[in-house]
Amino acid sequence: MRIAIIGCGGSGKTTIGRRLAEALHAPVTHLDAVYYDDEWNALPKEKFAALQEELVARDRWVIDGNYAATLPIRLRRATTVIFLDLSPFTCLAGIAQRRLRYGGGQNDATGVYDRVNWGFIKYVWTFRRTMGPRVRRLITEHATHADVHIVRSRRAADLLVDEIIRAADSRG
């Protein structure tokens, strides 16, 4: 299994990624943890793309994150794509819950990289309108071979994760 999880900040990518990776015994990568260092400096784009090429070359993986510029790298190798297309209200609530649970900053152990500012809130609020069409187009172009799931609620996401785990268990 090679699972790419995409969605707005606060949509639950990290939580779903951890849950699937644990149940499927696959390594999980949170792209925010790869992209940013401890000072919130971004990795150079070429190095970030090269690292993703290495990650997707593995037989099994779960990778969560957006990064539309490098999304085709993940989509070309994914067997399953999960696009968490949740409402801005749901995502903002998820960010608030994450902030209450983990505080701000970076936490490599949980994959939570939380830096909330006005620009980020605007990004979350407009994600469906601005990034959603681009993500859908990239999925259509690069993931024709994969099982693609577009999820519009937390409940639907939980049900999908349960279904993926059950299907993997039944295969042994």
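All values reported here derive from a predicted model rather than from experimental measurement.

**Structural notes on the overall build of the chain**
- When helices and strands are counted, the chain shows 8 helices and 7 strands.
- Here the chain has a C-alpha radius of gyration of 15 Å; the compact-globule value for 172 residues is 16 Å, and the two agree.
- Over its C-alpha atoms, taken along the principal directions, the chain stretches across nearly 45 × 35 × 30 Å.
- Here the chain, with 172 residues, has 47% of them falling under the buried criterion.
- Surface summary for the chain: the accessible area is close to 9,100 Å², and the carbon and sulfur share equals 52%.
- Of the side-chain charges in the chain, 26 are positive and 19 negative, and the distance between the mean point of each set is 6 Å.

**Section: the pairing of strand E1 (residues 2-7)**
- Burial of E1 is extensive: 6 of the 6 residues sit out of reach of the surface.
- Covered by surrounding structure in E1 are Arg 2, Ala 4 and Ile 6 together with Ile 3, Ile 5 and Gly 7, the residues of both alternating faces.
- Both E1 and strand E3 (residues 61-64) contribute to a ladder of 4 bridges, which runs parallel. From the neighbouring strand, Arg 2 faces E3, where its bridge partner is Trp 61.
- Here 5 bridges tie E1 to strand E4 (residues 80-84), and the two strands are oriented parallel to one another. Looking across to E4, one finds that Gly 7 is bridged to Leu 84.

**Here's the deal with the packing of helix H6 (residues 118-130) against helix H7 (residues 132-142)**
- Here H6 crosses H7 at 50°, and the two axes come no closer than 5 Å. With respect to each other, H6 and H7 are oriented oblique. Where H6 abuts H7, its residues Phe 127, Arg 128, Arg 129 and Thr 130 lie against Gly 132, Pro 133, Arg 134 and Val 135.

**Brief notes about unusual backbone geometry**
- Phi at His 25 takes a positive value of approximately 55°, unusual for a residue other than glycine.
- Mapping His 25 onto the fold places it in the loop between helix H1 (13-24) and strand E2 (28-30).

What counts and how
Residues numbered from 1 in each chain as written. Predicted model: local features only at pLDDT ≥ 70, side-chain atom pairs only at ≥ 80, totals over all residues. Heavy atoms only, no water. Helix = DSSP H or I, 4+ residues; strand = E, 2+ residues; numbered from the N terminus. Rg over C-alpha atoms; globule rule 2.2 N^0.38 Å. Buried < 20%, exposed > 50% of the residue type's maximum accessible area, 1.4 Å probe, protein only. Areas by Shrake-Rupley, 256 points an atom, 1.4 Å probe, with all protein chains shown as cover. Lys, Arg positive; Asp, Glu negative; His and termini not counted. Charge placed at Lys NZ, Arg CZ, Asp CG, Glu CD. Pairing = 2+ DSSP bridges. Axes fitted to C-alpha atoms, helices over the stretch in contact; angles between N-to-C directions. Parallel < 35°, antiparallel > 145°, perpendicular 65-115°, else oblique. Contact = heavy atoms within 4.5 Å.

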